[in-house]
Amino acid sequence: MKTLLIAVISALLVACANATKTTQDDSLYRALGELEGIESITHRFINEIGFNREIITHFSDTDLGRFKEKFIEQICFESGGPCEYTGDSMQQVHRGMDITEGEFNATVNALTAAMDTEGVDKRTQNRLLKKLAPMRGDIIYQ
Ligand code: HEM
């Protein structure tokens with residue numbers, strides 16, 4: 001009986017440890033307002049891009065419906081949400097655009113402005129920007 005009890009408790013402990021290991025941190029996703037929040041931010045972001053002549057020229061031949069869909073997927077995925085990113089790699093997408101550092105910064109500012117308008121707090125904004133920052137090298141001067 002004692003052996004059985006020990007075996008059951010051990011099995012439960014292993015199961016708990018595995019559950020903790022595989023649970024992903026979706027706190028950023030939730031702070032962004034989940035899918036609905038990310039959709040609103042992306043909508044505003046695209047509006048902001050439209051106001052910036054420097055950035056918008058890059059989008060003259062772009063299917064904005066696809067861009068919106070893939071951007072939402074990416075933000076959802078990067079923030080720990082239940083999405084898969086099905087778009088192309090950042091290097092593939094931005095290759096040949098010769099995006100400058102200034103244009104990259106202007107795009108980040110457009111995203112920040114979109115998040116401000118949607119009432120996303122600065123800490124959450126910075127957490128998201130930290131996730132996107134490593135992509136910079138795959139986006140500029142390609
Ligand atoms: C961290 C910054 C950025 C992220 C996370 C990002 C993300 C994305 C994503 C997810 C797509 C869609 C991919 C697909 O269709 O498979 C995309 C496309 C695009 N991005 Fe970016 N991007 C960033 C910065 C920029 C900048 C700085 C510019 C230009 C100033 C830019 C211009 C474009 C354009 C023009 C497209 C559409 C390409 C096409 O028409 O096929 N992106 N980006």
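Below or above, wherever it landed, is the structure these notes cover. In every chain, residue numbers begin from 1 and rise along the written sequence. Note on the predicted model: pLDDT of at least 70 is required for a residue's local features to be given, and 80 or more for side-chain atom pairs to be given and counted; whole-chain, interface and lining totals, by contrast, use all residues. Here the side-chain values reflect all heavy atoms present in the structure, with hydrogen atoms and water set aside.

Let's shift gears to the site of the ligand. Thr62, Arg66, Asp88, His94 and Thr107 are the nearest of the 23 residues found near the ligand. We call two N or O atoms a polar contact when they sit within 3.5 Å, provided that within protein one can donate a hydrogen and the other can accept it, with sequence-adjacent residues counted only if both atoms are side-chain atoms. Here an oxygen atom of the ligand sits 2.7 Å away from a polar atom, N or O, in the side chain of Arg66. Side-chain polar atom of His94 to a nitrogen atom of the ligand: 2.9 Å apart, as the coordinates give it. Where helices and strands are cited, they refer to DSSP runs of H or I of at least four residues and of E of at least two residues respectively, numbered from the N terminus. Secondary-structure elements contributing two or more residues to the shell around the ligand are α5 (64-78), α6 (90-94) and α7 (101-117). Among the elements that make up the shell around the ligand, the one with the highest residue count is α5 (5 residues). Throughout this entry, Asp, Glu, Lys and Arg are counted as charged residues, while Ala, Val, Leu, Ile, Met, Phe, Trp, Tyr, Cys and Pro are counted as nonpolar. The remaining residues, Gly among them, count as polar. Residue composition of the shell around the ligand, grouped by class: 13 nonpolar, 6 polar and 4 charged. Put simply, a residue is near a molecule or strand once any heavy atom of it comes within 4 Å of that molecule or strand.

Below, the discussion takes up the packing of α7 against helix α8 (residues 122-132). Interaxial distance between α7 and α8 falls to 11 Å at its minimum, and their mutual angle equals 150°. The orientation of α7 with respect to α8, classified from their angle, is roughly antiparallel. The two elements α7 and α8 cross, and the hand of that crossing is right-handed. Here Val108, Leu111, Thr112, Met115 and Asp116 of α7 come into contact with α8, specifically with Lys122, Gln125, Leu128, Leu129 and Leu132. Of the residues assigned to the contact of α7 with α8, the class counts are 6 nonpolar, 2 polar and 2 charged. Every axis corresponds to a line fitted to the C-alpha atoms, with the helix fit spanning only the stretch in contact, and the corresponding angles, defined between N-to-C directions, vary from 0 to 180 degrees. Should an angle lie under 35 degrees it is considered roughly parallel, over 145 roughly antiparallel, and from 65 to 115 roughly perpendicular; all remaining angles are considered oblique. Crossings are assigned a handedness: left-handed for a near helix turned anticlockwise from the far helix by less than a right angle, right-handed for a clockwise turn. We call two residues contacting when some pair of their heavy atoms lies within 4.5 Å.

A few words now on the coordination of the iron atom of the ligand. If you check the protein contacts of the iron atom of the ligand, you find one donor only, His94 (NE2), at 2.1 Å. Mapped onto the secondary structure, His94 falls in helix α6. Water is not part of the atom set, so a site may look incomplete; the donors themselves are N, O and S atoms within 2.8 Å of the metal, or 3.2 Å for Na, K and Ca.

A rise of 1.5 Å per residue sets the reference length of helix α3 (residues 34-51), with its 18 residues, at 26 Å; its end C-alpha atoms lie 26 Å apart and thus fit the reference within 8%. Residue exposure (1.4 Å probe, protein chains only): buried if accessible area is under 20% of the type maximum, exposed if over 50%, otherwise partly exposed. Where α3 is concerned, the buried positions are Gly37, Ile38, Ile41, Thr42, Phe45, Ile46 and Ile49. Where α3 is buried, its residues touch α2 (27-31), α4 (53-56), α5 and α7. A helix is expected to reach a length of 1.5 Å times the quantity of its residues less one.

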